[in-house]
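What the coordinates show
Letter by letter, the chains look like this.
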2 protein chains.
Amino acid sequence: MTQDLRGHRILIFGGGGFIGRHVVAKLLASGAAVRVIDLMAQDLADETSAGTLDWIVGSISDESLLASAAQMCDAAVFLASNSLPSSANADFAAEITSHLRTAVKAAEICDAQGIQNFIFASSGGTVYGIDSATPIPEHSETRPRNAYGVSKLAIEHYLRVLMALRRMRTLSLRIANPYGRGQVASRGQGFIAAAMEHAFNGQPMTIWGDGSVVRDFVYVDDVAEAIARAVAYGGGHDAINIGAGVGLSLLDVVSRVEAATGRQIRLEIEADRPIDVAVNVLDISAAQIELDWRPATSIEDGLRETAAWWAKASR
Amino acid sequence: MTQDLRGHRILIFGGGGFIGRHVVAKLLASGAAVRVIDLMAQDLADETSAGTLDWIVGSISDESLLASAAQMCDAAVFLASNSLPSSANADFAAEITSHLRTAVKAAEICDAQGIQNFIFASSGGTVYGIDSATPIPEHSETRPRNAYGVSKLAIEHYLRVLMALRRMRTLSLRIANPYGRGQVASRGQGFIAAAMEHAFNGQPMTIWGDGSVVRDFVYVDDVAEAIARAVAYGGGHDAINIGAGVGLSLLDVVSRVEAATGRQIRLEIEADRPIDVAVNVLDISAAQIELDWRPATSIEDGLRETAAWWAKASR
């Protein structure tokens, strides 16, 4: 099922992050030459297999570094973000500088350097409105409820206009809630990682509202495969949902994490946050048609692998 | 018909521009105290009547200046923009810094200073998609075709989220193509101003395609009245169209300008620009309901007044 990407040279912005590490491994396994630009040094030794890896430590705000990194690459994947829903809401202008402008500038530099395909990791959980259908198709109304989603959506629009006016093809993947090996819960992101952490450390876990909120959780290996397919995409879509296509309530996830880990999680209920959408499940039929992609990992398998990683990490 | 705004103190970002000067005059005539922040010094001597005018010369990128300017004001109107469709398309990242971030930062400062209403001059001609209905209601798909429209739309979204999360009410007015006294054609903006200029200077005028493109032209006095009503708006809408609600083809406008000026315009036809929307006419029923506003100036009256201004300016 993995793509054959021999002959491709692919630049990954933020290749050292949670999704990035899986994407790098997937692209290397597909035979691509991979160049990473990331603030952190490489520590992927045991995950690399075939292909060539070139790792540049540096800031994606460094425009001359970006321009030289983009040389000789034919595709780029933008995964870099120090942005989170919580920090973005606290300071919109800072979010615009650190996330929105940085991503758009990176795309402009890639276009100028002759890169042909630019893949942007957007957010299926934040760009749509509160009244969306279930599951949500890509043509639904886009009406973000937080500043993080506004910046993701604005980047999508800039990339679409860039594709219309200049040379580079751009594609935004609206990724649902990714989970899997290597994800650490931080500041409200990564519900499954948080549940894993609490299962292993025994501390009580705070959940939103009554736990009935439904989200679309997609295994990170499947996300990496979708990105590997997008790298060589030649179709006309500019935004494609990447998710499981089915929803799980937070309470349901907690029980499944308990089953996968064999440990109990103590819950503490907190009042509803005002901006939560009750149900967010993505319609993934466009990904099937356009990228010949569908999620290959069941929630049981995904949680089992994730629990095994946490068991090892907690020792 | 003019609002009574006695007791209000209103901050105008960009009060020295084409729309800004008319807004300042309208608000002063309504009895408001007006504070302008603009790069240019005041030269409105003959247009001010009642009310108090306080004019600050400075950059809206100067955040401490903004914070002190916003003190003691209860509403703000954001008209400042050195952005144009042509320059925005050439450098997206520069557009993000100079226009998008500046507007959002100004709104955050206004909110922090206790301003209650923030009115943003958005663009009815660029935020919608190419397949919009005629006339276009506000709930239509937003799919800008140039970077200028992307930044306008992104500002709208940030303001809507700001209103949901913080204290300040925000309202985006999606203004059609404004025209009238004081508008000078520049870099592709202001078709009526360009036609007036060519009528008076006798030079041949280049028009897009075959001149059949239809736009919604709204008289600047009517725009100023809409903004004066928006300043005290207490309803729940976050974006409202402001236009004539009817369309005119560019060739039709040329004939009407010839009639209003008594002069002929020589036309030069150029090939279609690829990103033009054939018809863009706004549905203005929300403005009628929410702001009790409708355009009061016929195209004949508006062009007659505009022609009189040009006749005087060309002497």
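Here, the structure is the one placed above.
Let me sum up the structure you'll find in this document. (Residues numbered from 1 in each chain as written. Chains lettered and ligands numbered in written order. Predicted model: local features only at pLDDT ≥ 70, side-chain atom pairs only at ≥ 80, totals over all residues. Heavy atoms only, no water.)

Some words on the sheet that holds strand 4 (residues 75-78) of chain B
All names here are of chain B. Filter applied, for reference: Strand pairing is defined by DSSP finding a minimum of two bridges between the two strands. Counting from the N terminus, the helices are DSSP H or I runs at least four residues long and the strands are E runs at least two residues long. In this description, a line fitted to the C-alpha atoms serves as the axis of each element, helices being fitted only across the stretch in contact, and the angle between N-to-C directions of two axes falls anywhere from 0 to 180 degrees.
Read across the sheet, 7 strands follow the order 3-2-1-4-5-6-11 without closing on themselves; strand pairing throughout is parallel. Single-partner strands in this sheet number two, and they are strand 3 (52-57) and strand 11 (239-242). For this sheet, the mean angle separating the axes of adjacent strands, direction not counted, is 20 degrees. Note that strand 4 and strand 5 (residues 117-123) share 4 bridges and pair parallel.

Description of helix 8 (residues 250-261) of chain B
All names here are of chain B. Spelled out, the test is: Expected span of a helix, by definition, is 1.5 Å for each gap between consecutive residues, and there is one gap fewer than residues. The contact criterion used is simple: two residues touch if any of their non-hydrogen atoms lie within 4.5 Å.
Taking 1.5 Å of rise per residue, 12 residues should cover 16 Å, and helix 8 covers 16 Å from first to last C-alpha, within 8% of that figure. On its buried face, helix 8 sits against helix 6 (191-201), strand 8 (205-208), strand 10 (217-219), strand 12 (248-249), strand 13 (267-270) and helix 10 (299-314). After helix 8 finishes, the residue Gly262 shows a positive phi value of roughly 70 degrees.

Focus: the sheet that holds strand 14 (residues 279-280) of chain A
In a beta sheet, neighbouring strands pair by backbone hydrogen bonds and run either parallel or antiparallel. Residue and element names in this part refer to chain A. With mixed pairing, the 3 strands of this open sheet are ordered in space as 12-9-14. Looking at the sheet topology across the chains shown, the edges are occupied by strand 12 (248-249) and strand 14. Sheet topology note: the strand 9 (residues 214-215)/strand 14 ladder contains 2 bridges and is parallel. Bridge pairing in strand 14 links Val214 to Val279.

Topic: the relation of the copies chain A and chain B
Operational definition: The copies were overlaid by least squares, fitting only the C-alpha atoms of residues that reach a pLDDT of 70 or more in each copy.
Rotating chain A by 180 degrees about the axis while translating it 0.0 Å along that axis superimposes it on chain B, leaving an RMSD of 0.0 Å. Taken together, the rotation and translation relating the two chain copies correspond to the operation of a two-fold axis. Closest approach to the rotation axis within chain A is made by the C-alpha atom of Ala154(A), at a distance of 2.8 Å. Take the interface residues of chain A: 100% of them recur as interface residues in chain B, which is what a same-surface contact looks like.

Section: the interface of chain A and chain B
Basically, it comes down to this: Defined here as a combined quantity, buried area equals the accessible surface (1.4 Å probe) lost by two parts on assembly, summed across both. A carboxyl oxygen of Asp or Glu within 4 Å of a side-chain nitrogen of Lys or Arg is what we treat as a salt bridge. In the analysis that follows, any N or O atom pair within 3.5 Å is treated as a polar contact, provided that within protein one partner can donate a hydrogen and the other can accept it, and provided that, for residues neighboring in sequence, both atoms belong to side chains. In this classification, Asp, Glu, Lys and Arg are treated as charged, Ala, Val, Leu, Ile, Met, Phe, Trp, Tyr, Cys and Pro as nonpolar, and every other residue, Gly included, as polar.
Taken together, the 32 residues of chain A in the interface contact 32 residues of chain B. When residues of chain A are sorted by the area they lose upon contact with chain B, Phe92(A), Ile96(A) and Tyr158(A) head the list and together hold 25% of the total. The tally of links from chain A across to chain B stands at 2 salt bridges. The salt bridge involving Asp238(A) is made with Arg143(B); its shortest N-O contact spans 2.8 Å. Our count for the contact surface shared by chain A and chain B stands at 14 residue pairs in polar contact (both at pLDDT 80 or more). Within the residue set of the side of chain A that touches chain B, elements represented by two or more residues are helix 3 (85-90), helix 4 (92-112) and helix 5 (147-165) of chain A. Here the element with the most residues in the side of chain A that touches chain B is helix 5 of chain A; it accounts for 11 residues. Residue classes in the side of chain A that touches chain B are distributed as 16 nonpolar, 6 polar and 10 charged.

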